[in-house]
Amino acid sequence: MAQTKYLAHHFTDLEQQSESAKMGMWLFLLTEILLFGGVFVAYAIYRAWHPETFINAHRFLDVRLGTINTIVLIVSSLTIALAIRDMQLDRRKQCMRNLIITILLAGVFLVIKYFEYSHKFHVGMLPGKFYTFDGIEGTNPHIFFSIYFLLTGIHGLHIIIGMSLIAWMLLKVKKGHFSSNYFVPIEAVGLYWHLVDLIWIFLFPLLYLIG
Amino acid sequence: MSHTSEHKNHITPLWVYYAVGTSLLFLTMITVAASYIPFSQFTGIGSLNFAVAMIIAIIKATLVALFFMHLAYDNKFYLFSLLAGILCLLIFIVVTMFDTQYRGLINPEEKTPIIQQTAPEQFVGKKHHEASQEDTHH
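Residues numbered from 1 in each chain as written. Chains lettered and ligands numbered in written order. Predicted model: local features only at pLDDT ≥ 70, side-chain atom pairs only at ≥ 80, totals over all residues. Heavy atoms only, no water.

Caption draft 1: Examining the environment of Leu63 of chain B more closely. Along the chain, the position of Leu63 of chain B falls in helix α4 (residues 48-68). Taking the C-alpha atoms as reference points, Leu63 of chain B and Leu24 of chain B, separated by 39 residues in sequence, lie 7.8 Å from one another. (Helix = DSSP H or I, 4+ residues; strand = E, 2+ residues; numbered from the N terminus.)

Caption draft 2: Molecular detail of the packing of helix α7 (residues 184-208) of chain A against α4 of chain B. It is at 9 Å that the axes of α7 of chain A and α4 of chain B come closest, and there the two elements cross at 170 degrees. As judged from the angle between their axes, α7 of chain A and α4 of chain B are roughly antiparallel. Mapping the contact onto sequence places His194, Asp197, Leu198, Ile201, Phe202, Pro205 and Leu206 of chain A in α7 of chain A and Phe50, Ala53, Met54, Ala57, Ile58, Lys60, Ala61, Val64 and Phe68 of chain B in α4 of chain B. Of the residues assigned to the contact of α7 of chain A with α4 of chain B, the class counts are 13 nonpolar, one polar and two charged. (Axes fitted to C-alpha atoms, helices over the stretch in contact; angles between N-to-C directions. Parallel < 35°, antiparallel > 145°, perpendicular 65-115°, else oblique. Contact = heavy atoms within 4.5 Å. Nonpolar A, V, L, I, M, F, W, Y, C, P; charged D, E, K, R; others polar.)

Caption draft 3: Representation of the side chain of Ser180 of chain A within the structure. Residues and elements named next belong to chain A. Tracing the sequence through the fold places Ser180 in the loop between α6 (141-174) and α7. The buried category is assigned to Ser180, whose relative accessible area is 16%. A polar contact is formed between the side chain of Ser180 and the side chain of Asp90, at a distance of 2.7 Å. (Buried < 20%, exposed > 50% of the residue type's maximum accessible area, 1.4 Å probe, protein only. Polar contact = N/O pair within 3.5 Å; in protein donor to acceptor, adjacent residues only side chain to side chain.)

Caption draft 4: Just the packing of aromatic side chains, in detail. All names here are of chain A. In this structure the tally under the stated criterion is 23 aromatic pairs over all chains. Ring centres 4.8 Å apart and planes at 15 degrees place the aromatic pair Tyr6 and Tyr182 in the stacked group. With Tyr6 in helix α1 (residues 2-6) and Tyr182 in the loop between α6 and α7, the pair connects residues that are 176 residues apart, well separated along the chain. Between Trp200 and Tyr208, the aromatic rings sit 6.1 Å apart at their centres with planes inclined by 55 degrees, giving tilted as the arrangement. (Phe/Tyr/Trp six-rings, centres within 6.5 Å; stacked < 30°, edge-to-face > 60°.)

Caption draft 5: Local environment of α6 of chain A. Along its 34 residues, α6 of chain A runs 49 Å from first to last C-alpha, staying within 8% of the 50 Å computed at 1.5 Å per residue. Gly176 of chain A lies just past α6 of chain A and shows a positive phi near 80 degrees. (Expected span 1.5 Å × (residues − 1).)

So this is what it looks like as structure tokens:
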């Protein structure tokens, strides 16, 4: 029976086991919100201090690429939600297919980010003292790019970690470790991936669409 | 037991996922389009564009949290945990902004936001020291 196969000895039943696992994941996500929160606070303060600079500097970000990346992340959020649903219904093949699509979309996001970053490196829109670009009016334009690289950098790191976790889940699904009775690790990775999407939902208008 | 295992294995209908996904894409288009409309100039309200963008982002985030993250069906403790995180973040932002923007209103020695203030002379170096020496005693 599923109860004996998946249940760790210190839980009463599978229900309690998976609820505990998800509770732990949600508490971790709470700390993630606060991790990004610190940079959001920095954004708020410096934008209030240098409103002109932020409006002038954001015009140098590519709204088209930012929009494409937003769409890519939303679709990847949808596909991982569908992958979890497939596992609830014991459809392993479809679950694996949706996980693979999610990983590919994360890859597309990173490739687009790479093009954005390399363009900024090239023209010298770099954080802090490395900033050499000339052509943004306003006080302290390097601060905008410090915050831009901090926010998108930490977010990009989360995308890479998320990709690895999804790949790990894909491997475990392939080996047959999960079933409709036990799939809480995929759910936890899904929650993490949705949080990465949630953060981007706020990053995109704050960095690309201000003004 | 049966009611709890039903709760755990709640399977969201497929159309809900597609409806949420479509709404998110639609709202993304709206927020991009809205950023090109200078609401602030039409109405004279300073940060209306910012408000519009944030309201759309909050709607999108709510959709993701409720349906993709299953908060609408799951144990409400998870929702509580998320809201606690957001509350802490709001306290963090609001209190810090009050300090950096309005410190001058309650501290008569520093009448301007701290970005416009010059550093006290002990942090600046010898150059400005002589000029402001008479102000150091209150």
